[in-house]
Amino acid sequence: MAALGIATGGRNWFSALALGVTLLKCLLIPTYHSTDFEVHRNWLAITHSLPVSQWYYEATSEWTLDYPPFFAWFEYALSHIAKYFDQEMLNVHNLNYSSSRTLLFQRFSVILTDELFVYAVHECCKCIDGKKAGKELTEKPKFILSVLLLWNFGLLIVDHIHFQYNGFLFGLMLLSIARLFQKRYTEGAFLFAVLLHFKHIYLYVAPAYGIYLLRSYCFTANKPDGSVRWNSFSFVRLISLGLIVFLVSALSLGPFLALNQLPQVLSRLFPFKRGLCHAYWAPNFWALYNALDKVLSVIGLELKLLDPNKIPKASMTSGLVQQFQHTVLPSVTPMATLICTLMAILPSVFCLWFKPQGPRGFLRCLILCALSSFLFGWHVHEKAILLAVLPMSLLSVGKAGDASIFLILTTTGHYSLFPLLFTAPELPIKILLMLLFTIYSISSLKTLFRKEKPLFNWMETFYLLGLGPLEVFCEFVFPFTSWKLKYPFSPLLLTSVYCAVGITYAWFKLYVSVLTDPPVRKTKKQ
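Residues numbered from 1 in each chain as written. Predicted model: local features only at pLDDT ≥ 70, side-chain atom pairs only at ≥ 80, totals over all residues. Heavy atoms only, no water.

Under an unreviewed UniProt entry, the protein chain has the name Alpha-1,3-glucosyltransferase and belongs to Callorhinus ursinus. Per UniProt, the comment on the protein chain under Sequence similarities (unreviewed entry) is "Belongs to the ALG6/ALG8 glucosyltransferase family." According to the UniProt record, the Subcellular location (unreviewed entry) comment for the protein chain is "Endoplasmic reticulum membrane". (UniProt positions renumbered as here; feature names shortened; annotations may be inferred.)

What follows is the structure, given as structure tokens:
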């Protein structure tokens, strides 16, 4: 903060924030890392030591390459730097290999590639309306947004403790969003097309991009009531967007198409043989559905309505396996989750077309697409909540209503990531970092919107405060009870279900806001 105070008089405060969080990331290098560390080490080895034709067939390790080709080439590029640190990490047969040099290389590769995220945050800050800016630097929306993004708790623990490259990927996404805000549509479309070929989870928000680009770029004018002028359609602009998508896709998938390996690549990217839920239930609708099934099965056993011998053992013991079999409620298929997801997304997409609200409307649609996919998707990872949390940060400094939704979503979503760090040394780290980020988020946004109504009602306040007792029970009470042996999955189930309620509430509240807000009524020419 001393450096920040020195920089207050100029524009160096952003550099101070970026430098501060970079130093924190360096301090987290020795902490626990998950199996994702070995996943990415194995991908370094695959792409470095094998020809391209074998990348998506190699299966020596269980952690096979299952990201799109651009990410494979990203690993390939990193591997040529990694060989100067420790050549042994690039041996495909060195399973679970981890040396001090390997650790340093992989940790620093995440930290350095985060520079794209830092640049993207800087560009996003240029798109923020400064009308609510206070006299103090710390009360300015751009400063608050910078802290909310650069120091995001979820991104810190997922990338720099758990281990992944989300900062680099979210940098691409935020930069594409910034370009759309700046009306640099082809650049935004290009960046998003590239992003899809780095990690296909971003397909969740593709409908928002597609409709917004069609509505705002291919149609060049609106009527005074906000509806589209159909005679303003530009076929040339549509062709240019199509050409961008085609060329990026050709560059990514072309080599594998030439090798007749496209079906193999797609089978790795979309493994529908996995179960409905990930190993730890992501806090979504299916977590509530699974929990209800468990409650009904317990009641059925107590009332002797169910035969214990016919109940799948996995569903009543661990409760956290990938292939979850429902006992009372109907089992869920991938097609059912797809239908639910599409039904949840469609209203937001229709609003984006029929009730245009400019870039802000696009951003809200993007977040709803991300949340709908998170809530109703197949085999959703808990980390996917960041796909909604980070873009929501941009909205949080614009309107009090959005700030309220952001705080509920972020606090609940971040707490749902706690089970990722289950080792004792990381317990005080995750609690302290979460508390600091949450306290700052609430206090700064309350200050920013101090002239408006309170950000939380009594019910929301009560719910958020309930996360405290939940953490105390899961970490400090449950381990010393007899339930630990009989119901070892209980803390994870409670965390998942409790957080699912908050995330679902935030999704519903944002949807109500989108559906009730009026369209922007002005003629627009581009």
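Undergrad: Which residues make up the overall build of the protein chain, and what values go with them?
TA: Secondary structure summary: the protein chain contains 24 helices and 0 strands in total. Relative to the compact-globule value of 24 Å for 526 residues, the protein chain shows a C-alpha radius of gyration of 24 Å, a close match. Principal-axis analysis of the C-alpha atoms places the extent of the protein chain at approximately 65 × 60 × 55 Å. Among the 526 residues that make up the protein chain, the fraction classed as buried is 55%. Partitioning the contacts of the protein chain with sequence separation of at least 6, the portion at a separation of at least 24 is 77%. When the accessible surface of the protein chain is totalled, it reaches about 23,400 Å², and 69% of it is carbon and sulfur. Here the protein chain contributes 44 positively and 28 negatively charged side chains, and the mean placements of these two sets differ by 10 Å. (Helix = DSSP H or I, 4+ residues; strand = E, 2+ residues; numbered from the N terminus. Rg over C-alpha atoms; globule rule 2.2 N^0.38 Å. Buried < 20%, exposed > 50% of the residue type's maximum accessible area, 1.4 Å probe, protein only. Contact = heavy atoms within 4.5 Å. Areas by Shrake-Rupley, 256 points an atom, 1.4 Å probe, with all protein chains shown as cover. Lys, Arg positive; Asp, Glu negative; His and termini not counted. Charge placed at Lys NZ, Arg CZ, Asp CG, Glu CD.)

Undergrad: How would you explain empty space enclosed by the protein if you had to name every residue and give the values?
TA: Counted under the stated rule, the structure contains 5 cavities of 30 Å³ or more. Of the pockets and cavities examined, the largest cavity occupies roughly 70 Å³. A per-class count over the lining of the largest cavity returns 4 nonpolar, 3 polar and 2 charged. (1 Å grid on protein atoms, 1.4 Å probe; cavity = no way out; pocket = protein on both sides within 12 Å on 5 of 7 lines; lining within 4 Å. Points joined across faces, edges and corners; volume = space filled by probe spheres on them. Nonpolar A, V, L, I, M, F, W, Y, C, P; charged D, E, K, R; others polar.)

Undergrad: Now, about the confidence of the model for the protein chain: what can you tell me, with residues and values included?
TA: This prediction gives the protein chain a mean pLDDT of 89; 91% of its residues lie at or above 70. Confidence drops under a pLDDT of 50 for residues 1-10, and excluding neighbours within four residues, the segment shows 7 contacts in the predicted structure. Low pLDDT, under 50, characterises residues 315-322; the predicted model gives this stretch 28 contacts beyond four residues in sequence or across chains. (pLDDT = per-residue confidence, 0-100.)

Undergrad: Any chance you could break down the pattern of salt bridges for me, citing the residues and the numbers?
TA: All told, the structure shown has 15 salt bridges when counted by the stated rule. Arginine 179 is the salt-bridge partner of glutamate 187, the closest N and O atoms lying 3.3 Å from each other. Aspartate 517 is paired through a salt bridge with arginine 364; the nearest N and O atoms lie 2.8 Å apart. Taken together, the residues span a long stretch of sequence, with aspartate 517 in the segment after α24 (490-516) and arginine 364 in helix α17 (residues 358-376) at a distance of 153 residues. What makes arginine 364 buried here is its relative accessible area of 1%. Overlapping salt bridges, with partners in common, bring together Glu123, Lys126, Arg179, Arg184 and Glu187 in one network. (Salt bridge = Lys/Arg side-chain N within 4 Å of Asp/Glu carboxyl O.)

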